[in-house]
Each structure stands twice: as C-alpha cells, then as structure tokens.
Amino acid sequence: EKGGYDHFMLKEIFEQPKTILDCLRGRLNAENGTIQVSGIENYLDEISKANRIIIIACGTSWHAGLVAEYIIEETCRIPVEVEYASEFRYRNPIIHPGDMIIAISQSGETADTIVAIEKAKEQGAIIMGIVNVVGSSIARISQTGAYTHAGPEIGVASTKAFTGQLAALMLVAFKIAHHKQTITEERYRELCAELALVPGKVEKILEQNDSIKAIAETLKDSSDALFLGRGYNFPIALEGALKLKEISYIHAEGYPAAEMKHGPIALVDEHLPVIFIATKDIYHEKIVSNMQEIKARKGRVIAVINEGDEITPAIADGVITIPEADEIIAPILNVVPLQLLSYHIGIARGCNVDMPRNLAKSVTVE
Ligand code: M6R
C-alpha cells in the first residue's frame with residue numbers, strides 16, 4: 001500500500017504533482033483564465049464584503065493560514081488575522097458582523113479548531129472550511145469551503161495535505177480578488193496560468209531527491225537548525241522547522257530572516273546549519289546579505305534558490321534549485337525540498353518517519 005516507497009511520508013511527498021492537480025482539476029481553467037470553486041460560488045458576494053478574515057488552525061495547517069494571510073491581503077485587500085485555534089477559543093474573541101472565518105484542517109477533526117469555529121459561528125461569522133477529509137466535522141460545520149482533494153494522508157507529518165491547502169487557498173483568494181476586482185484581469189489570468197504550472201514544477205523539484213539526500217547526510221548530526229525566509233516564504237521557514245522537529249527530533253526554529261539580528265544570530269557557529277528559503281522576490285538581495293552574515297560567523301548555509309541564480313551558490317554550502325515562479329505561487333514549491341530534507345535526515349538518524357514519537361495524526365483532544 002506504500003506504492004513501492006519505503007514509507008508513507010515519501011510516497012505522499014512524491015504524490016504531490018498528482019494531488020495538487022487533483023485540487024486544481026475542474027476548478028482552474030488556465031486557458032480561459034477562470035476559476036470555479038463550487039463550494040464558494042454562492043458565498044462570493046458575502047466573502048467579498050467581509051471586513052476581516054480570521055483564519056483558524058493548528059500546526060502545519062496554521063502555517064498554510066499564514067501563507068494565505070499574505071496572499072489574501074495582497075490580492076483581495078481584506079485584512080487577515082491568523083489564530084491558533086487553541087488560543088482563539090479561550091479568548092472571548094471579538095467577532096463583528098461581516099467577519100469571515102477560514103478554518104484549515106487536514107483531518108477536519110482537530111478538537112481545538114472545531115470548538116473555535118463553533119464559537120465563531122454562534123456569534124454570526126460565516127465559516128469557510130479548507131478541509132481534506134470529506135464529510136469530517138469541520139467540513140460539516142462550515143457553510144462554505146473547498147476540499148483540498150489530497151487523498152488519505154497516512155504519514156503523521158502533513159506533506160501533501162499542506163500543498164493541497166495552499167492550492168485550495170490560492171484558488172479561493174484569486175477567485176475572490178477577481179470578483180472584487182482588486183486585481184486586474186491581466187494579473188488574474190497570469191496567476192491562473194502560474195498556478196496551472198505548479199504540478200509540473202513540483203515534478204522537477206522531486207527529481208532532485210538524490211542531491212537533497214546528499215545534503216541531508218551533511219546535516220544529520222546537527223543538534224539544532226535555523227530556517228529563514230521572508231514574505232510569502234516566512235511561513236515556509238516555520239513549516240520547514242516544524243517538519244524537521246517532528247521527523248528527525250532535531251531542534252529547529254523558523255524565523256523571518258530579518259529577525260535574525262534580533263536574537264537568533266547569537267546561536268550561529270560552525271555547528272549551526274541555517275536553511276534559507278531564498279527564491280527570487282523583492283527580498284532576494286537582503287536575504288543574500290543575511291547569508292553572508294551567517295558565513296562570516298562560520299555557520300553552514302543551505303539555500304533553496306531559483307534556477308539561474310548565479311550569486312547564491314558561491315556563498316552557500318549546499319543549494320536546492322526551484323523552477324522560477326511568481327512570488328505568490330513560490331511557497332507551494334519551496335516547501336517540497338524541505339519535506340524531502342526532513343525525510344532524509346529522519347531516515348539517516350534512524351527515526352520512525354511515518355509515526356514520530358509522541359505525535360498523533362489528528363489531535364482530537366485538547
Ligand atoms: O488535521 P489538522 O490539519 O487540523 O491538524 C493540525 C495539526 O495537528 C497538524 O498539522 C500537525 O501539526 C502535523 N503533525 C504537522 O505535520
């Protein structure tokens with residue numbers, strides 16, 4: 001049932017070109033530049049009028065929420081807050097009429113997320129679910145939403161569910177932005193075309209499995225690791241760090257790269273690997289100078305960069321290359337090598353990657 005792979009985690013990472021396509025299928029028509037998401041069509045006017053969107057989730061799904069915050073604010077011009085379900089539910093949260101909640105959950109059964117959205121619903125918010133498991137509790141509580149269609153995820157670490165969440169959230173964001181006319185027709189078509197290219201680009205990233213495994217070999221004895229990214233890639237840094245912790249038990253932290261100077265740089269010495277998510281965007285130059293600062297302190301730099309980047313390889317100890325993509329789309333690509341990196345580090349350390357110690361696939365108790 002592992003389809004020839006040694007572990008479910010690896011199988012699920014490799015399934016992503018297909019699962020992302022499954023999420024886009026029937027919804028995205030890149031040729032005509034149109035998006036149809038049946039679960040939200042009836043709510044488009046209401047969503048477009050929302051004064052505020054609150055995204056509620058836990059763990060990896062919360063990271064998908066953070067990426068969505070950047071994308072929705074940029075394209076739909078609606079203010080977004082991203083909340084840990086466990087914090088939101090106990091905070092007597094302020095919900096105004098016209099607020100909209102997006103609940104993100106692979107399982108649809110996470111206890112804190114369920115209670116949080118039930119409370120918000122009682123206070124009159126509209127709930128949109130971005131859920132993987134069809135017919136799950138969160139899907140049933142939600143009035144509107146989109147399934148991620150990633151198929152059953154067996155590995156405890158979320159991989160294909162995360163990229164499915166990002167794909168579904170991108171569809172929803174671009175659809176709303178188009179409806180609200182907060183992006184031009186031309187930009188909408190461009191984003192649709194870029195989104196359609198994602199499965200093929202993920203396929204190309206997966207071809208680097210062997211070189212990512214070689215990089216993993218150089219990191220396997222580390223006791224700590226730092227992941228840095230900015231903008232759309234800041235949440236990817238958080239996700240890279242969470243994946244590494246879960247799968248290899250290496251202590252890892254994710255930070256926005258510019259925050260490095262406000263504390264974490266004190267950790268840097270020859271033993272600390274720093275993984276930069278540094279694909280081309282407005283921050284690229286700044287992130288390159290962060291890398292130089294790490295090198296100057298003898299840290300080890302691993303960089304996720306775009307094909308054709310000629311500067312970074314001279315600075316970094318290891319590079320992973322990603323096909324060029326629009327910066328809004330990039331996070332869905334950039335997370336894939338980080339999943340593989342964690343997998344190979346976990347395997348090299350003899351960890352049970354499909355069932356890490358102390359973790360449950362879905363956290364149905366608070
Ligand atoms: O099923 P959910 O998406 O609601 O689960 C949320 C988290 O428990 C989950 O993402 C968890 O952090 C995973 N172990 C991450 O790999």
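Going by the structure above, here's the rest.
Right, let's walk through the structure included here. Values in this document were obtained by computation on a predicted structure and should not be read as measured data.

**Some points on the overall build of the protein chain**
The number of helices and strands found in the protein chain is 16 helices and 12 strands. In terms of C-alpha radius of gyration, the protein chain reaches 20 Å, essentially the compact-globule figure of 21 Å for 366 residues. Buried positions account for 60% of the 366 residues belonging to the protein chain. Here the contacts in the protein chain between residues at least 6 apart in sequence split such that 75% fall between residues at least 24 apart. As presented, the protein chain carries roughly 14700 Å² of accessible surface, and 50% of it is formed by carbon and sulfur atoms.

**Concerning empty space enclosed by the protein**
In the structure shown here, the tally under the stated rule is 1 cavity of 30 Å³ or more. Here the largest cavity is characterised by a volume of approximately 30 Å³. Lining the largest cavity are R230, N233, I277, A278, T279, D281, Y283, H284 and I287. Here the lining of the largest cavity is built from residues that sort into 4 nonpolar, 3 polar and 2 charged.

**Describing the nonpolar core**
If you look at the biggest cluster of nonpolar residues, it comprises 91 residues, and the most contacted ones within it are I72 and F174. Broken down by element, this core gets its largest block of residues, 12 residues, from helix α9 (residues 160–180). Setting aside chain neighbours within four positions, we find F174 in contact with I35, I71, T75, I183, Y188, L191, L195, I328 and I329. Core analysis: the next-biggest nonpolar cluster, separate from the first, contains 19 residues, L228, V268, F276 and A278 among them.

**Overview of helix α13 (residues 234–248)**
End to end, α13 covers 21 Å across 15 residues, agreeing with the expected 21 Å (1.5 Å per residue, within 8%). Summarising burial for α13: 13 of the 15 residues are buried, a large majority. Phi turns positive, to about 65°, at Y249, one or two residues after α13.

**Details of the layout of surface pockets**
Computed from the structure, the largest pocket encloses a volume of approximately 550 Å³. Forming the walls of the largest pocket are 26 residues, and the residues nearest its centre are C58, G59, T60, K361 and V363. Those elements giving two or more residues to the lining of the largest pocket turn out to be α5 (59–76), β5 (99–105), α7 (111–122) and α13. A per-class count over the lining of the largest pocket returns 10 nonpolar, 10 polar and 6 charged. Reported here for the second largest pocket is a volume of approximately 170 Å³. Of all elements in the fold, only α3 (38–41), β6 (126–131) and β7 (144–147) reach the threshold of two or more residues within the lining of the second largest pocket. Considered class by class, the residues forming the lining of the second largest pocket number 5 nonpolar, 8 polar and 1 charged.

**Overview of the sheet that holds β7**
The strand order across the open sheet formed by 5 strands is β4-β3-β5-β6-β7, and the pairing between neighbours is parallel. Looking at the sheet topology across the chains shown, the edges are occupied by β4 (80–84) and β7. Each strand axis lies, on average, 20° off the axis of its neighbour in the sheet, ignoring direction. Looking at chain direction, strand β3 (residues 52–57) and β5 are connected through 5 bridges and run parallel.

**Notes on the site of the ligand**
Neighbouring the ligand are 13 residues, the closest being S61, S105, Q106, T110 and E246. Between the ligand and the protein, one listed contact pairs an oxygen atom with a backbone N or O atom of T60 at 3.1 Å. When isolated, the ligand has an accessible area of 410 Å², and the protein chains bury 91% of it. Mapped onto the shell around the ligand, the elements with two or more residues apiece are α5 and α13. Top element by residues in the shell around the ligand is α5. It accounts for 3 residues. Its residues placed into classes, the shell around the ligand shows 3 nonpolar, 8 polar and 2 charged.

**A word on the sheet that holds strand β11 (residues 300–306)**
Backbone-to-backbone hydrogen bonds join strands into a sheet, with any given pair of strands oriented parallel or antiparallel. Pairing is parallel across the open sheet formed by 5 strands, whose spatial order is β9-β8-β10-β11-β12. In this open sheet, the two strands that pair with only one neighbour each are β9 (251–256) and β12 (318–322). Sheet twist, expressed as the average angle between the axes of neighbouring strands with direction ignored, equals 15°. Relative to β12, β11 runs parallel, the two being bridged by 5 bridges. In the sheet register, V304 faces β12, and the bridge partner there is I320. On top of the sheet, α13 reaches β8 (224–229), β9 and β10 (273–277); it is set at about 175° to β9, its chief contact. Most of the contacts of helix α14 (residues 284–296) go to β10, to which it runs at about 175°, and overall it touches β8, β10 and β11.

**So, the side chain of E12**
Looking at where E12 falls in the secondary structure, it is placed in helix α1 (residues 8–14). Despite its burial, E12 pairs with no opposite charge, the nearest such side chain being K160 at 4.9 Å. Residue contacts for E12: discarding those within four places in its chain leaves P152, E153, I154, G155, T159 and K160.

**A short note on the packing of aromatic side chains**
Considering all chains together, one arrives at 3 aromatic pairs under this definition. Over the ring of Y249 we find R357; its NZ or CZ atom is 3.7 Å from the centre of that ring.

What counts as what
- Residues numbered from 1 in each chain as written.
- Predicted model: local features only at pLDDT ≥ 70, side-chain atom pairs only at ≥ 80, totals over all residues.
- Heavy atoms only, no water.
- Helix = DSSP H or I, 4+ residues; strand = E, 2+ residues; numbered from the N terminus.
- Rg over C-alpha atoms; globule rule 2.2 N^0.38 Å.
- Buried < 20%, exposed > 50% of the residue type's maximum accessible area, 1.4 Å probe, protein only.
- Contact = heavy atoms within 4.5 Å.
- Areas by Shrake-Rupley, 256 points an atom, 1.4 Å probe, with all protein chains shown as cover.
- 1 Å grid on protein atoms, 1.4 Å probe; cavity = no way out; pocket = protein on both sides within 12 Å on 5 of 7 lines; lining within 4 Å.
- Points joined across faces, edges and corners; volume = space filled by probe spheres on them.
- Nonpolar A, V, L, I, M, F, W, Y, C, P; charged D, E, K, R; others polar.
- Core = buried A, V, L, I, M, F, W, Y, C linked by side-chain atoms within 4.5 Å.
- Expected span 1.5 Å × (residues − 1).
- Pairing = 2+ DSSP bridges.
- Axes fitted to C-alpha atoms, helices over the stretch in contact; angles between N-to-C directions.
- Near = heavy atom within 4 Å.
- Polar contact = N/O pair within 3.5 Å; in protein donor to acceptor, adjacent residues only side chain to side chain.
- Lys, Arg positive; Asp, Glu negative; His and termini not counted.
- Salt bridge = Lys/Arg side-chain N within 4 Å of Asp/Glu carboxyl O.
- Phe/Tyr/Trp six-rings, centres within 6.5 Å; stacked < 30°, edge-to-face > 60°.
- Lys NZ or Arg CZ within 6 Å of the ring centre and 35° of its normal.

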